Amino acid sequence: MIPGNSVRLLAGNSHPELAQAVAERLNTPLVPCTVRKFSNGEIDVKIFESVRDEDVFILQSGCSDVNDNLMELLILISACKTASARRITAVIPCFPYARNDKKDKSRAPITAKLVANMLVVAGCDHVITMDLHASQIQGFFDIPVDNLYSEPMVIGYIKRHITGWKDAVIVSPDAGGAKRVTAIADKLGVEFALIHRQRDRRSSDAPERMELLVGDVRDKVVILVDDMIDTGTTLTLAARSLKENGAQKVYALISHGLLSEVQMSLIEELPLEQLIVTNTVPQNQHAEQCSKLLVMDISSTIAESIRRTHNGESISLLFGEWADGLGTY
């Protein structure tokens, strides 16, 4: 609970359910505001309460209509800045354009850096985000960035809800996720495995396949961990490959369930026991369409990070003893 009225929590249209859940946990109401479009598509913002000299937190996730949601966030930040807010923190559970974090080919844009610049120019003083696709994105900012982790929730869920986890194997579907997977495996005291997606280079239309590079999954409970699912291609290939390699059961734990091009009926057909995602992006519609989909609520982590930021307390303690109770449902 936050005493007084020194914190102002605002939200755009990207994820009203999460914003409301965070507000309830903080026991502070959302500042009434409207974010709407003119007939030509321009975004109009009206904030109905004073934010002068207040500590303002604006919650907006980078999901669904990413460009509209990003512009909403920038305009809300600018509106609070010109309204003399003391400090403005952008709370972005799913950071937009995080996959464009490096110049990996000629003339490729580093869009994550562009978004960072836009947030600062708009007037943002601090950013809170979650499970960045690449940790180096924090270095794109000249303002403080707190990158929260869903790892404690993932570990809590595994311990409480996956039978036989002590003999399980934690798997990364690509080399980029190896560090994330080995950290979880070390904390659980279990083995890890790494698989690699590849295509026959001799044929441009050859189907993609996955090959187990490190580890043994035969007759094991397998827990596939990744930071994002968008089209579902990686998940599909990985789940089938693990089953072909003799996995007993396959679970998938994903931080950001974008699921933008995924037909949920295909998830039902995959050799998966469960697909577990967080609610950094809205999941209500997907959860209704797929019985295998389970959603972990991260509002407690977001709310606690806001409270600690406002009070000048350590954020890193979020992932120590405080996190031990997470993962219960």
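In case you missed it, the structure is sitting above this.
No experiment lies behind these values; they were computed from the predicted model shown.

Parameters and conventions
- Residues numbered from 1 in each chain as written.
- Predicted model: local features only at pLDDT ≥ 70, side-chain atom pairs only at ≥ 80, totals over all residues.
- Heavy atoms only, no water.
- Pairing = 2+ DSSP bridges.
- Helix = DSSP H or I, 4+ residues; strand = E, 2+ residues; numbered from the N terminus.
- Axes fitted to C-alpha atoms, helices over the stretch in contact; angles between N-to-C directions.
- Contact = heavy atoms within 4.5 Å.
- Expected span 1.5 Å × (residues − 1).
- Buried < 20%, exposed > 50% of the residue type's maximum accessible area, 1.4 Å probe, protein only.
- Right-handed = clockwise from strand over helix to strand, strands pointing away.

A. Just the sheet that holds strand β1 (residues 7–11), in detail. Overall, parallel pairing links the five strands, which are arranged β1-β4-β5-β6-β7 in an open sheet. Among the strands making up the open sheet, the edge pair consists of β1 and β7 (145–148). Taking the axes of each pair of neighbouring strands and ignoring which way they run, one obtains an average angle of 20° across the sheet. Pairing of strand β5 (residues 87–92) with strand β6 (residues 126–130) involves four bridges; the strand directions are parallel. In the sheet register, Val91 faces β6, and the bridge partner there is Ile128. Set on the sheet, helix α2 (residues 66–82) makes contact with β1, β4 (55–59) and β5; between it and β5 the angle comes to about 165°.

B. Geometry of helix α6 (residues 233–244). Helix length check: α6 (twelve residues) gives 17 Å between terminal C-alpha atoms against 16 Å at 1.5 Å per residue, within 8%. Along α6, the residues classified as buried are Leu235, Leu237, Ala238, Ala239, Ser241 and Leu242. Looking one or two residues past α6, Gly246 carries a phi angle of roughly 95°, positive in sign.

C. Spotlight on the pairing of strand β12 (residues 249–257). In terms of residue burial, β12 counts as a mostly covered element, since eight of its nine residues are buried. When strand β11 (residues 221–229) meets β12, the two strands line up parallel, connected through eight bridges. If you follow Val225 over to β12, its bridge partner there is Leu253. The handedness of the β11 to β12 crossover, carried by α6, is right-handed. Note: β12 against strand β13 (residues 274–278), five bridges, orientation parallel.

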